[in-house]
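# Residue-level structure breakdown
In case you want the letters, here they are:
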Amino acid sequence: MNVVRASKFLAKYLRHDPAAIGLTLDSGGWVGVRELLAACKRAGMPMTRAELEQVVATNDKQRFVLDGDRIRASQGHSVSVDLGLPAVEPPALLYHGTVARFLPQIRREGLRPMRRHDVHLSPDEETARRVGARRGKPVVLVVRAGDMHGTGHEFRLSTNGVWLTQSVPAEFLGVP
Ligand code: HQG
């Protein structure tokens, strides 16, 4: 089993398209491990429980959480789920990695979740740079999260350290 391939496979179906392999997530995004393993087998990505545990444990970004007999993605969903994360006060500044071609639109309308549930923000510039680099030469935007929080915007921290918020109005962005 190739762990990276398995992780990409799990991310696709636990975040975006569970129905495509016959899975239904509960409202919190969880699915039974037995059900998941059966679906993986049907979909041509067979793995044992031990292999699944290895994919979860060794994942570079801790993308998945195993909780007894159930599993879910920590964040990044496009399907509707309520992760049950409490709203918490963010640090004064957070960071968002993107690329230059999105900047004109981002300047006009701020950051939007696009195909995901939330805008994803990083706690440090280096992480944001890596997120942006997935799409090309990275550009790191500074988000005045503390000020946003002060005006009533809610922030949540996923279990794998990603800050989530509904949207970031342009006035709270430092765009280079
Ligand atoms: C951009 C990965 C135009 C935004 C990463 C981004 C992250 C706009 C893209 C996680 C815009 C959305 C999320 C606007 C935002 N106009 N473009 N108004 N607002 N954008 O993939 O933050 O490996 O949904 O800048 O590490 O890139 O999957 O979000 O470029 O944590 O676990 O629209 O995905 O994690 O792209 O990445 P995404 P993201 P995983």
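Okay, so let's go over this structure. Small disclaimer: the values here were computed from a predicted structure and weren't measured. (Residues numbered from 1 in each chain as written. Predicted model: local features only at pLDDT ≥ 70, side-chain atom pairs only at ≥ 80, totals over all residues. Heavy atoms only, no water.)

## Remarks on the environment of Pro18
Tracing the backbone through its elements, the reader meets Pro18 in the loop between helix H1 (3-16) and strand E1 (31-32). In this structure Pro18 comes out as buried when scored by relative accessible area, which is 9%. Here the alpha-carbon distance between Pro18 and Val79, two residues 61 residues apart in the chain, equals 8.7 Å. Excluding residues that lie within four positions of it along the chain, Pro18 makes contacts with Tyr13, Leu23, Leu25 and Val79. (Helix = DSSP H or I, 4+ residues; strand = E, 2+ residues; numbered from the N terminus. Buried < 20%, exposed > 50% of the residue type's maximum accessible area, 1.4 Å probe, protein only. Contact = heavy atoms within 4.5 Å.)

## Some points on the site of the ligand
If you check the shell around the ligand, you find 18 residues, and the closest are Arg15, Lys61, His96, Arg116 and Arg135. One of the side-chain N or O atoms of Arg63 is found 2.9 Å from an oxygen atom in the ligand. Relative to its unbound accessible surface of 780 Å², the ligand loses 90% to contact with the protein. Of all the secondary structure elements, the ones that give two or more residues to the shell around the ligand are strand E4 (94-99) and helix H4 (103-109). Ranked by residues supplied to the shell around the ligand, first place goes to H4 with three residues. Taken together, the residues of the shell around the ligand sort by class into five nonpolar, five polar and eight charged. (Near = heavy atom within 4 Å. Polar contact = N/O pair within 3.5 Å; in protein donor to acceptor, adjacent residues only side chain to side chain. Areas by Shrake-Rupley, 256 points an atom, 1.4 Å probe, with all protein chains shown as cover. Nonpolar A, V, L, I, M, F, W, Y, C, P; charged D, E, K, R; others polar.)

## Describing the sheet that holds strand E3 (residues 70-73)
Strand order in the open sheet made by the three strands is E1-E3-E2, with antiparallel pairing throughout. A single partner strand is all that each edge strand has here, and the edge strands are E1 and strand E2 (64-67). Pairing analysis gives four bridges linking E2 to E3, with the strands arranged antiparallel. Within E3, the residue paired with Phe64 across the bridge is Ala73. Its contacts with the sheet place H1 against E1, E2 and E3, and it is angled at close to 80° to E2. (Pairing = 2+ DSSP bridges. Axes fitted to C-alpha atoms, helices over the stretch in contact; angles between N-to-C directions.)

## Side note on the pairing of strand E6 (residues 138-143)
Inspection of the sheet shows E4 paired to E6 by six bridges, in the antiparallel sense. In the sheet register, His96 faces E6, and the bridge partner there is Leu141.

## Examining the side chain of Arg63
Looking at the element boundaries, Arg63 is found in the loop between helix H3 (49-58) and E2. Classification of Arg63 as buried rests on a relative accessible area of 19%. Here the side chain of Arg63 touches Asp60 through a polar contact of 2.6 Å, side chain to side chain. When sequence neighbours within four positions are dropped, the list of residues in contact with Arg63 reads Ser7, Arg15, Arg72, Ala73, Ser74 and Asn160.

## Observations concerning the environment of Pro138
Position of Pro138 among the secondary structure elements: in strand E6. Residue classification places Pro138 among the partly exposed residues on the basis of a relative accessible area of 28%. Residues Pro138 and Leu10, 128 residues apart in the sequence, show an inter-C-alpha distance of 26 Å. When residues no more than four places from it in sequence are discounted, the contact partners of Pro138 are Thr98, Arg129, Gly132 and Ala133.

## Looking at the pattern of salt bridges
If you walk through the whole model with that rule in mind, you get 10 salt bridges. In this structure, Glu53 engages Arg49 in a salt bridge whose closest nitrogen and oxygen atoms are separated by 2.8 Å. Remark: Arg49 and Glu53 occur in helix H3; sequence separation between them is four residues, near one turn of the helix. Given the relative accessible area of 35%, Glu53 is considered partly exposed. Three or more residues are tied together by salt bridges with common partners; here these are Glu125, Glu126, Arg129 and Arg130. (Salt bridge = Lys/Arg side-chain N within 4 Å of Asp/Glu carboxyl O.)

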